[in-house]
Amino acid sequence: MTIDTVTAVRRFSRFYTNLIGVLRAGLLDSPFSLAEARVLFELANAPTALDVADLRQRLDMDAGYLSRILGRFEADGLAVRERSDTDARRQRIRLLEAGRAAAADLDARSNAQVRDLLSPVSETDQRRLVGAMGTIESILGGAAPPRTVVLRPLGPGDLGWVVQGHGILYSREYGWDATFEAMVARIVADYAESHDPHREHAWIAEVDGVPAGSVFCVRESAETAKLRLLFVDREARGLGVGSRLVDECVRFATRVGYREMVLFTHDVLANARRIYQRAGFVLDSEERKPAYGQDLVHQYWRRTLSTSTPLSTV
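All values reported here derive from a predicted model rather than from experimental measurement. (Residues numbered from 1 in each chain as written. Predicted model: local features only at pLDDT ≥ 70, side-chain atom pairs only at ≥ 80, totals over all residues. Heavy atoms only, no water.)

A. Structural context of the overall build of the protein. Scanning the protein from N- to C-terminus turns up ten helices and ten strands. In terms of overall size, the protein is more extended than a compact globule, its C-alpha atoms giving a radius of gyration of 28 Å where 314 residues would be expected to give roughly 20 Å. Based on the C-alpha atoms only, the size of the protein along its principal axes is roughly 80 × 50 × 35 Å. Each of the 314 residues in the protein was classed as buried or not, and the buried ones make up 37%. When contacts within the protein are restricted to residue pairs at least 6 apart in sequence, those whose partners lie at least 24 apart make up 60%. Carbon and sulfur atoms provide 52% of the accessible area of the protein, an area that totals close to 18300 Å². (Helix = DSSP H or I, 4+ residues; strand = E, 2+ residues; numbered from the N terminus. Rg over C-alpha atoms; globule rule 2.2 N^0.38 Å. Buried < 20%, exposed > 50% of the residue type's maximum accessible area, 1.4 Å probe, protein only. Contact = heavy atoms within 4.5 Å. Areas by Shrake-Rupley, 256 points an atom, 1.4 Å probe, with all protein chains shown as cover.)

Structure representation (structure tokens):
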């Protein structure tokens, strides 16, 4: 660990505490401090009365400090402490109606604060923000939140990202040379310049707000669509991203009236082949010939499009 890392973490801590106003005398313009608000939150979200010792352990709070907070709550008619039914040496604490009303008011104020904070932020940046927060929580020991996968249409900068992502991944994992990236760039350029928006489409998969995959549906003929440029970043594998992209591509092609869909891949791309098989594609033909600086088996896959054919649920 370097001093720069420590400095950066401390700087972020100061930034965020100032941003949400936790240093003010009353949190969210309420009569409660941050610590009191957190105790209220725990009590309000407990299904029954909480053991005081358990509450102290959960919040990692000094016993005397917690006792003073609970004493204030009792004096203000917000909560009541009672002896445990099973152990007279232990106390339990529960909110009264006034306490629950105070907790609900704080919850509403907090929601409003976050909505105001995020209102000028784009949806893309909001997803990035939530993803970054999940990363912080996971790395520093909290329970990792569920990762959010969103499919969306292409936006500014995505075409370049698709080319770059393909070039980097296939070079690192399979040793393919620059001719592969050049081929991807030609496909992307052709799509950008002349695609039919009614019968051709492309999607970007975002994981926690960060681009992590792509797929393109283009016209092969009047009745045949072609699936192209399926890509899933290494960090997003195992989340079902590839299957969701393929299924979305198949749905679109079916909806706009294509009768079948084809795709071209290589036998070394085992993960992609499994996705295609689950989505109903079958191997049509294959041939071995050099490409991208490697000796590869080229494969051609096909599936009939029918609204009665179920899609993958992976």
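B. Broad picture of the pairing of strand β10 (residues 294-304). The pairing of strand β8 (residues 260-266) with β10 spans seven bridges and is classified as antiparallel. Its bridge partner lying in β10, V262 is registered against R302. Joining the antiparallel neighbours strand β9 (residues 282-291) and β10 is a turn of two residues, in which Y292 adopts a positive phi near 55°. (Pairing = 2+ DSSP bridges.)

C. Examining the UniProt feature "domain: N-acetyltransferase" (unreviewed entry) in the protein more closely. Within this structure's numbering, the places UniProt gives as "domain: N-acetyltransferase" (unreviewed entry) are residues 149-306. Secondary structure within residues 149-306 divides into 37% helix and 37% strand; the distance between the first and last C-alpha atoms comes to 26 Å. (UniProt positions renumbered as here; feature names shortened; annotations may be inferred.)

D. Spotlight on the sheet that holds β9. The strand order across the open sheet formed by seven strands is β4-β5-β6-β7-β8-β10-β9, and the pairing between neighbours is mixed. Among the strands making up the open sheet, the edge pair consists of β4 (149-153) and β9. With strand direction ignored, the average angle separating the axes of adjacent strands in the sheet is 25°. Sitting on the sheet, helix α7 (residues 158-174) is in contact with β4, β5 (201-207), β6 (210-219), β7 (224-232) and β10, with an inclination near 65° to β7. Across the sheet, helix α9 (residues 241-255) touches β4, β5, β6, β7, β8 and β10, and the angle it forms with β7 is around 160°. (Axes fitted to C-alpha atoms, helices over the stretch in contact; angles between N-to-C directions.)

E. View of the pattern of salt bridges. Within the structure shown, the criterion is met by 19 salt bridges. For the salt bridge of D51 with R90, the shortest nitrogen-to-oxygen distance reads 2.8 Å. Within this pair, whereas D51 is found in strand β1 (residues 50-51), its partner R90 is found in the loop between β2 (79-83) and β3 (91-95), the two being separated by 39 residues in sequence. Residue class for D51 comes out buried when judged on its relative accessible area of 7%. Take R90: its relative accessible area is 33%, and that puts it in the partly exposed class. D105 serves as the salt-bridge partner of R109, at 2.7 Å between the closest nitrogen and oxygen. With a gap of four residues between them, R109 and D105 both fall in helix α5 (residues 97-118), about one helical turn apart. A cluster of three or more residues bridged by salt bridges with shared partners is formed by E36, R72 and D76. (Salt bridge = Lys/Arg side-chain N within 4 Å of Asp/Glu carboxyl O.)

F. Representation of the environment of T135 in the model. Among the structural elements, T135 can be located in helix α6 (residues 123-139). Of the residues examined, T135 reaches a relative accessible area of 42% and is grouped as partly exposed. As a C-alpha pair, T135 and D208 span 73 residues in sequence and 9.3 Å in three-dimensional space.

G. A look at the nonpolar core. Membership of the largest hydrophobic core comes to 51 residues, with the highest contact counts inside it found for L227, V246, M261 and F281. Of the residues forming this core, the biggest block, seven residues, is contributed by α9. Other than its neighbours up to four places away in sequence, F281 contacts L227, V246, V250, M261, L263, Y276, W301, R302 and R303. Core analysis: the second largest hydrophobic core is formed by 26 residues, L27, V39, L50 and A102 among them. (Core = buried A, V, L, I, M, F, W, Y, C linked by side-chain atoms within 4.5 Å.)

H. Here's a closer look at the sheet that holds β1. Spatial ordering of the open sheet is given by β1-β3-β2, a layout of three strands whose pairing is antiparallel. On the outer flanks of this sheet lie β1 and β2, each paired with one strand and no other. Of the pairings in the sheet, the one linking β1 to β3 comprises two bridges and is antiparallel in character. Each residue of the ladder has a partner; that of D51, found in β3, is R92. Of the strands in this sheet, β1 and β3 are in contact with helix α2 (residues 34-44), which crosses β3 at around 90°.

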